[in-house]
Amino acid sequence: MTTTVGAPAREVDPVARGRARRTARRAGVIAVLAVLVVGVYALSLMVGNTFYGPGEVIDVIRGEIVPGASFTVGELRLPRASLAVLAGAAFGIGGVTFQTMLRNPLAAPDIIGISSGASAAAVLGIVVLEVGEGTVSLLAISAALATAVLIYLLAFRDGVVGTRLILIGIGVAAMLDSVVSYIMLRAAVWDLQTAMRWLTGSLNNASWEQVTPLLLAMLVAGPVLLGQSRGLVLMQQGDDSASALGVRVERTRLVSIVAAVALIAFATAAAGPIAFVAFLSGPIAARIIGGGTSLMIPAALVGSLLVLSADLLGQFAFENRYPVGVITGALGAPYLVYLLIRTNRSGGSL
Amino acid sequence: MTDAHSLVVEGITLGYGDRTVIDDLDLVVPPGRITAIVGANACGKSTLLRAMSRLLAPRGGQVLLDGKALHRLPTKEVARTLGLLPQSPVAPEGIVVGDLVSRGRSPHQRIMARWSAEDSAAVSEALRMTDTLELADRAVDELSGGQRQRVWIAMALAQQTDVLLLDEPTTFLDVSHQVDVLDLLTDLNRDRGTTIVMVLHDLNLAARYADHLVTVRAGKLHAAGDPGEVLTAEAVREVFGMNCQVVPDAVSGKPLVIPIGRHHVGDLTPAPVEV
């Protein structure tokens, strides 16, 4: 048992004890998740067409020249796995921020069209405007932000209600997805390979040029969101209740939306809209951590774990290689159906 | 002990969109007492309470907390002096009672500060006062309506504010739980000197439990004062548009409103109601 810090003179305090127990359990779960992320990360550096042992991998990371491994591990696997960790974490945090803020698991950015906005702009850039990779990323990021603003404005009437925002978002997502499909139909064959990434998300051709901007975005937006997490958690009780507890509701909401959209946009620009990761990470984290606390860190770890494992599976578990988004999509779609059935059965609105 | 805080409403005008709900209303909340606000549906009493708790910015006039304009004070500072139990707060999915009540400590915590012994003591005391200590490890979703309401009140108590505003704290509760809640608030007022302002539906309970009764009619203050003076048959007719008799209640001696409708009124021929 943990010893309870706090008032020593008091009789056994069941509240403090319960609290300490939950804190310890939460820390334990986070530690296990972190170990799993590190483990799968290491595994994806070693496994491939050629197996390299931990020693060789560490040598490569330390900058030594190892014949074969230096290229395969240093130039292919390392950026790929790092991108997986970062994109997964970004989708996880961005997703759970929206889900917490709108009190609804369906409110993930990949359901309400923010990822679709990034995809549509990227495909437009590649196929129609024929611009370079950097410009494509910029387009994707601006489009994600613009889509978020559009959905927010369309949903705004005497304040924003979660359900209305979600339904409008799903509609916007459908329109943007059809834009993507239309452009892909007209694409030249040589553009298809690049543009395909923007449909389901893929880590093929991952390079350090994609990792760096995402890492910077994480370093800026991550701490900002963590700073808002206490307020966001209180806002689950409703704006009035949170405000009575000293939360600056409007400010918290604005800062969180901007930071979360930025994370989603940068991640989408780097790896495409890896299907359902933003949508799945939060609920999985909630299931294993329990309710009532901030889910940002656990959701980030779950996101990383999802993308890393799905990418490994996609590369090596089947006869053909599948992009990571195909695997996460296959995992996420049944959960979406389950959620819709459950809300339908309980007679609730979305 | 804590009747040092003053809460004063000065010529306040409130509204949503282009609708004015409260029009130029003045109100002085007596410190260290229990004030109940009553009025017909949609008369603006909840809106008034929202403005008094800083949730709604006034169109005109102001609310003064200790002489300072409430809307200029920082949210967190207000939250240390003035607590609010809104009408229908939402319990986050899966949260346990102890954690929900602990959230009442938020305004007292700094960003990275540890949970202190003082926080722990406040939460335990709030649970004990509301008789919910044994529920501490239960999920809020599993509780009955009456238990849940006591847990929300516990959260507001853990906030340890000297002023506590409650929007219909007895809604959805059966009569015995209503009395429990009002007894609890009276204890709080007597033991800690907490100033309490609540919007209530039940006129008779309001008359019994309030030291100070405020009636609101169509966005204006109708009367304010001792329940025995404020709650007359005349006042009920004007505020609620209903005929009634007001007699001293046999238990407390406070006014008891006996409604007079069109049926089951014996020999009384009801006078037409003028609104």
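Rules and cut-offs
Residues numbered from 1 in each chain as written. Chains lettered and ligands numbered in written order. Predicted model: local features only at pLDDT ≥ 70, side-chain atom pairs only at ≥ 80, totals over all residues. Helix = DSSP H or I, 4+ residues; strand = E, 2+ residues; numbered from the N terminus. Contact = placed C-beta atoms within 7 Å. Pairing = 2+ DSSP bridges. Axes fitted to C-alpha atoms, helices over the stretch in contact; angles between N-to-C directions. Nonpolar A, V, L, I, M, F, W, Y, C, P; charged D, E, K, R; others polar. Core = buried A, V, L, I, M, F, W, Y, C linked by C-beta atoms within 7 Å. Buried ≥ 20, exposed ≤ 12 C-beta atoms within 10 Å, placed from the backbone. Expected span 1.5 Å × (residues − 1). Right-handed = clockwise from strand over helix to strand, strands pointing away. Parallel < 35°, antiparallel > 145°, perpendicular 65-115°, else oblique. Left-handed = near helix turned anticlockwise from the far one by under 90°. pLDDT = per-residue confidence, 0-100.

## Notes on the overall build of chain A
Item 1. Counting its secondary structure elements, chain A contains 13 helices and 0 strands.
Item 2. In sequence order, chain A lays out its α and β elements as α-α-α-α-α-α-α-α-α-α-α-α-α.
Item 3. Considering only C-alpha atoms, chain A reaches an extent of 70 × 55 × 35 Å along its principal axes.
Item 4. Look at the contacts in chain A between residues 6 or more apart in sequence, and 75% of them connect residues 24 or more apart.

## A few points about the sheet that holds strand β9 (residues 212-217) of chain B
For sheets, the rule is that strands pair by backbone hydrogen bonds, running either parallel or antiparallel.
Residue and element names in this part refer to chain B.
Item 1. Pairing is mixed in the open sheet, where 6 strands are placed in the order β6-β7-β8-β3-β9-β10. Strand pairing shows two members of the sheet lacking a second neighbour, β6 (82-85) and β10 (220-225), which therefore form its edges. Ignoring strand direction, the axes of neighbouring strands in this sheet form an average angle of 15°.

## What about the interface of chain B and chain A?
Item 1. At the junction of the two partners, chain B supplies 32 residues and chain A supplies 24 residues.
Item 2. Elements with a contribution of two residues or more to the side of chain B that touches chain A: α2 (75-81), β6, α3 (97-102) and α4 (117-129) of chain B.
Item 3. Top contributing element to the side of chain B that touches chain A by residue count: α4(B), with 6 residues.
Item 4. Taken together, the residues of the side of chain B that touches chain A sort by class into 17 nonpolar, 10 polar and 5 charged.

## Some remarks on the nonpolar core
Item 1. In this structure, A87(A), A90(A), A140(A), L263(A), I264(A), F266(A) and A36(B) are the most contacted members of the largest nonpolar core, which totals 191 residues.
Item 2. Not counting residues within four places of it along the chain, the set of residues in contact with A87(A) comprises L214(A), A267(A), A270(A), A271(A), I274(A) and V307(A).

## Digging into helix α11 (residues 277-289) of chain A
Residues and elements named next belong to chain A.
Item 1. The terminal C-alpha atoms of α11, which comprises 13 residues, lie 18 Å apart, in line with the 18 Å expected from a rise of 1.5 Å per residue.
Item 2. A large share of α11 lies buried, amounting to 10 of its 13 residues.
Item 3. Regarding α11, the residues found buried are V277, A278, F279, L280, S281, G282, I284, A285, A286 and I289.
Item 4. Residue G290 follows α11 closely and has a positive phi angle near 95°.

## A closer look at the pairing of strand β7 (residues 163-167) of chain B
All names here are of chain B.
Item 1. Where burial is concerned, most of β7 is hidden: 5 out of the 5 residues are buried.
Item 2. The two faces of β7 match: V163, L165 and D167 on one face and L164 and L166 on the other face are all buried.
Item 3. Both β6 and β7 contribute to a ladder of 4 bridges, which runs parallel. By the bridge assignment, L84 is partnered in β7 with L165.
Item 4. Relative to strand β8 (residues 195-199), β7 runs parallel, the two being bridged by 5 bridges. Following the sheet pairing, L164 is matched in β8 by I196.
Item 5. Remark: the β7/helix α6 (residues 175-192)/β8 crossover connection has right-handed handedness.

## A look at the environment of L43(A)
Item 1. Along the polypeptide, L43(A) turns up in helix α1 (residues 14-46).
Item 2. Taking the C-alpha atoms as reference, L43(A) lies 9.7 Å from S309(A); in sequence the two are 266 residues apart.

## Thoughts on the sheet that holds strand β2 (residues 19-29) of chain B
Residue and element names in this part refer to chain B.
Item 1. If you trace the 4 strands from one edge of the open sheet to the other, you get β2-β1-β4-β5, paired in antiparallel fashion. Strand pairing shows two members of the sheet lacking a second neighbour, β2 and β5 (68-69), which therefore form its edges.
Item 2. Bridge count between strand β1 (residues 7-16) and strand β4 (residues 60-65): 5 bridges; the pairing is antiparallel. Among the inter-strand pairings, V8 is bridged to a residue of β4, identified as L64.
Item 3. Strands β1, β2 and β4 of the sheet are contacted by helix α1 (residues 45-52), whose axis makes an angle of about 120° with β1.

## Let's talk about the environment of L7(B)
All names here are of chain B.
Item 1. Note on placement: L7 falls in strand β1.
Item 2. Take L7: there are 24 C-beta atoms within 10 Å of it, and that puts it in the buried class.
Item 3. Not counting residues within four places of it along the chain, the set of residues in contact with L7 comprises V29, M52, L65, V163 and T195.

## Section: the packing of α1(A) against helix α3 (residues 69-101) of chain A
All names here are of chain A.
Item 1. Where α1 meets α3, the closest approach of the two axes is 9 Å, and the angle between their N-to-C directions is 155°. Taken together, the axes of α1 and α3 lie roughly antiparallel to each other. Classified by chirality, the crossing of α3 by α1 is right-handed. Contacts between α1 and α3 involve V37, Y41, S44 and L45 on the former and, on the latter, V73, R77, L78, A81 and V85.

## Some words on the pairing of β10(B)
Residue and element names in this part refer to chain B.
Item 1. Bridge analysis of β9 against β10 gives 5 bridges, and the strand direction is antiparallel. Opposite V214, over in β10, you have A224 as the bridge partner.
Item 2. Remark: 2 residues form the turn of the hairpin made by β9 and β10, two consecutive strands paired antiparallel; A218 in that turn has positive phi of roughly 45°.

## Points about the packing of α4(B) against helix α5 (residues 145-158) of chain B
Residue and element names in this part refer to chain B.
Item 1. Following both chains from N to C, one finds α4 and α5 inclined at 140°, their axes separated by 8 Å at the closest point. As α4 runs across α5, the sense of the crossing is right-handed. Only A154, L157 and A158 of α5 make contact with α4, whose side of the interface consists of A122, V123, A126, L127 and M129.
Item 2. Tallied by class, residues from the contact of α4 with α5 come to 8 nonpolar, no polar and no charged.

## Focus on the confidence of the model for chain B
All names here are of chain B.
Item 1. Scored by pLDDT, chain B comes out at a mean of 89, with 95% of its residues at no less than 70.
Item 2. Model confidence for chain B, summarised as mean pLDDT per element, is weakest for α4 at 89 and strongest for β8 at 96.
Item 3. Both scores are given for the predicted complex: the pTM is 0.86, the ipTM 0.86.

## Quick word on the confidence of the model for chain A
Residue and element names in this part refer to chain A.
Item 1. For chain A, mean pLDDT is 86; residues scoring 70 or higher make up 93% of the total.
Item 2. When pLDDT is averaged over each helix and strand of chain A, the minimum, 74, is found for helix α7 (residues 189-200) and the maximum, 94, for helix α12 (residues 296-316).
Item 3. Low pLDDT (under 50) marks residues 1-10, which in the prediction has 15 contacts with non-local residues, meaning those over four places away or in another chain.

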